[in-house]
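If you want the building blocks of each chain, they are given just below.
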Amino acid sequence: KNQVEQSPQSLIILEGKNCTLQCNYTVSPFSNLRWYKQDTGRGPVSLTIMTFSENTKSNGRYTATLDADTKQSSLHITASQLSDSASYICVVSDDFGNEKLTFGTGTRLTIIP
Amino acid sequence: DAGVIQSPRHEVTEMGQEVTLRCKPISGHDYLFWYRQTMMRGLELLIYFNNNVPIDDSGMPEDRFSAKMPNASFSTLKIQPSEPRDSAVYFCASSTLTGAVSPLHFGNGTRLTVT
């Protein structure tokens, strides 16, 4: 069964600090991995999409890495801001479309001033 | 573009009542998805449409749930009769195939509470 596991479940850090969120998956075949940010009371918003051949992708202060051999991904947030407080969801797909996505349950990140 | 629009944002109803959730996808998107999100299970796909045709409804939990897409700009998810365990946030999302990986665009959801 395809699975996506994220760690930690929750994380609290001080504003300005860096942090790294982890995602392990057992989806097969593998096509691409996405990271979404979900603010409280809002829908998830796409941060990055990485295909099999990509091992890093950045979106501003967010940098995602992918190791397809070990089936692991990380999302690194640099110089955190209060607006980074959200849930971050790792999603893995076995093809280009969106019909067969496997979702992680997310990491809840809280930034404190 | 205004993005995916869902209504209502919040719905509180009593057990046994009919509930209808509404969604307007992004113009030009030919795929529409309905998801349910709970703390315990995260995001779960209920059903998706391609060009207004339901393709896979295997995620619909029971016959009490039904979804329609009468045209390219409107879809509904109906629960009849509703039960307390249906309480969750329901998201609509849309996307299109571009020959490359296409992101899923979510609405802001409908928070359903069934008492």
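Structure: above.
These numbers were taken from a predicted model, which means no experiment stands behind them.

Draft legend 1. Structural detail: the overall build of chain A. When helices and strands are counted, chain A shows zero helices and 11 strands. Each helix and strand of chain A, placed in order from N terminus to C terminus, yields the pattern β-β-β-β-β-β-β-β-β-β-β. Relative to a compact globule of 113 residues, whose C-alpha radius of gyration would be 13 Å, chain A shows 13 Å and is just as compact. For chain A, the spread of C-alpha atoms along the three principal axes comes to 40 × 25 × 20 Å. Put simply, chain A has 113 residues, and 47% of those count as buried. Taking contacts inside chain A between residues at least 6 apart in sequence as the whole, the part at least 24 apart equals 56%. Accessible area for chain A stands at about 5,400 Å²; split by element, carbon and sulfur atoms hold 49% of it. If you average the places of the 10 positive and of the 10 negative side-chain charges in chain A, the two averages end up 5 Å apart.

Draft legend 2. Quick look at the interface of chain A and chain B. Taken together, the contacts link 18 residues of chain A with 20 residues of chain B. Summed over both partners, the interface of chain A with chain B comes to about 1,600 Å²; 60% of that surface belongs to carbon and sulfur atoms. If you look at where chain A meets chain B, you find eight residue pairs in polar contact (both at pLDDT 80 or more). It is strand β4 (residues 32-38) of chain A that provides the largest number of residues to the side of chain A that touches chain B, a total of four residues.

Draft legend 3. Focus on the sheet that holds strand β3 (residues 19-25) of chain A. Residues and elements named next belong to chain A. A sheet is described by the order of its strands in space; here five strands give the open sequence β1-β3-β8-β7-β6, paired in antiparallel fashion. Two strands close off the open sheet at either side, each with one partner strand: β1 (4-7) and β6 (56-59). With direction set aside, neighbouring strand axes in the sheet form an average angle of 15°. One ladder, built from four bridges, connects β6 with strand β7 (residues 62-67); its direction is antiparallel. Within β7, the residue paired with lysine 57 across the bridge is alanine 64.

Draft legend 4. Layout of the state of the cysteines. Scanning the entire structure with this criterion turns up two disulfides over all chains. Cysteine cysteine 19 of chain A shares no disulfide, and the gap to the nearest cysteine sulfur, in cysteine 90 of chain A, comes to 15 Å.

Draft legend 5. Quick look at the nonpolar core. Judged by nonpolar contacts, the single largest core of 23 residues is most densely connected at Tyr25, Leu33, Trp35, Leu75, Tyr88 and Val92 of chain A. Elements with a minimum of two residues in this core: β3, β4, β5 (45-51), β7, β8 (72-77), β9 (86-93) and β11 (107-112) of chain A. Of all hydrophobic cores here, the second largest spans 21 residues; its members include Cys23, Leu32, Leu46 and Met60 of chain B.

Draft legend 6. Fine view of a nonpolar patch on the surface. On the surface, Ile12, Leu14 and Ile112 of chain A cluster together to form a nonpolar patch covering roughly 270 Å² of accessible area. When you line up the elements, isoleucine 12 of chain A lands in strand β2 (residues 10-14).

Draft legend 7. Region of the structure containing the packing of aromatic side chains. By the definition in use, this model includes 11 aromatic pairs over all chains. Cation over ring: arginine 61 of chain A sits above tyrosine 62 of chain A, and NZ or CZ is 5.8 Å from the ring centre.

Draft legend 8. Just the pairing of β3 of chain A, in detail. All names here are of chain A. Every second residue of β3 is oriented toward a common face, the buried set being Cys19, Leu21, Cys23 and Tyr25 and the non-buried set Thr20, Gln22 and Asn24. Examined bridge by bridge, β1 and β3 share four bridges and lie antiparallel to one another. Looking at the pairing, serine 7 lines up with glutamine 22 of β3. Note: β3 against β8, six bridges, orientation antiparallel. Among the inter-strand pairings, asparagine 24 is bridged to a residue of β8, identified as glutamine 72.

Draft legend 9. Representation of the environment of leucine 82 of chain A. Residues and elements named next belong to chain A. Within the secondary structure, leucine 82 sits in the loop between β8 and β9. Assessed through its relative accessible area of 42%, leucine 82 is described here as partly exposed. The sequence separation of leucine 82 and glycine 16 amounts to 66 residues, and the corresponding C-alpha distance is 8.8 Å. When sequence neighbours within four positions are dropped, the list of residues in contact with leucine 82 reads Glu15, Ile111, Ile112 and Pro113.

Draft legend 10. Molecular detail of the sheet that holds strand β3 (residues 19-24) of chain B. All names here are of chain B. Strand order in the open sheet formed by four strands is β1-β3-β8-β7, with antiparallel pairing between adjacent strands. The sheet is open, and its two edges are formed by β1 (5-7) and β7 (65-71), each paired on a single side. Taken over all neighbouring pairs, the strand axes of this sheet differ in orientation by 15° on average, direction set aside. Direction of pairing for β3 relative to strand β8 (residues 74-79): antiparallel, over a ladder of five bridges. Among the inter-strand pairings, threonine 20 is bridged to a residue of β8, identified as lysine 78.

Definitions and limits used
- Numbering of residues begins from 1 in every chain and follows the order in which that chain's sequence is written.
- Starting at A for chains and at 1 for ligands, labels are handed out in the order in which the entities are written.
- Reporting of local features is limited, given that this is a predicted model, to residues whose pLDDT is at least 70; pairs of side-chain atoms are given and counted only at 80 or more, and all residues count toward the totals for whole chains, interfaces and linings.
- Side-chain numbers here rest on the full set of heavy atoms in the structure, without hydrogens or water.
- A run of H or I in DSSP becomes a helix once it reaches four residues, and a run of E becomes a strand once it reaches two; helices and strands are each numbered from the N terminus.
- Taken over C-alpha atoms, the radius of gyration is set against a globule rule of 2.2 Å times the number of residues to the power 0.38.
- Here the term buried applies to any residue with accessible area under 20% of the maximum for its type, exposed to any over 50%, and partly exposed to those in between, with areas from a 1.4 Å probe on protein chains only.
- Between two residues, a contact is recorded if the distance between any of their heavy atoms is within 4.5 Å.
- Shrake-Rupley sampling with a 1.4 Å probe provides the accessible areas, and residues are treated as covered by the protein chains on show and by no other component.
- We treat Lys and Arg as the positive residues and Asp and Glu as the negative residues; His and chain ends play no part in the count.
- The location of each charge is read from NZ of Lys, CZ of Arg, CG of Asp or CD of Glu.
- Take the accessible area each of two parts loses on contact, using a 1.4 Å probe, and add the two losses: that sum is the buried area.
- In protein, a polar contact requires one atom able to donate a hydrogen and another able to accept it; more generally it is a pair of N or O atoms within 3.5 Å, and residues adjacent in sequence count only if both atoms are side-chain atoms.
- By this definition, two strands are paired if DSSP reports at least two bridges between them.
- Orientation is described by axes fitted as lines to C-alpha atoms, over the contacting stretch for helices, and by angles from 0 to 180 degrees between their N-to-C directions.
- Count a disulfide wherever a pair of cysteine sulfur atoms falls within 2.5 Å.
- We define a nonpolar core as any set of buried Ala, Val, Leu, Ile, Met, Phe, Trp, Tyr and Cys residues linked to one another through side-chain atoms lying within 4.5 Å.
- Each patch is assembled from residues with relative accessible area greater than 30% and no salt bridge, linking like charges that lie within 9 Å and nonpolar side chains (Val, Leu, Ile, Met, Phe, Trp, Tyr) that lie within 5 Å.
- Each reported salt bridge corresponds to a side-chain nitrogen of Lys or Arg within 4 Å of a carboxyl oxygen of Asp or Glu.
- What counts as a ring pair is set by centres within 6.5 Å for rings of Phe, Tyr and Trp (its six-membered ring), and what kind of pair is set by the plane angle: stacked under 30 degrees, edge-to-face over 60, tilted for all other angles.
- Distance and angle both matter: a charge sits over a ring if NZ of Lys or CZ of Arg is within 6 Å of the ring centre and within 35 degrees of the ring normal.

Note that every value here comes from positions in space, so none of it alone points to a role or purpose.
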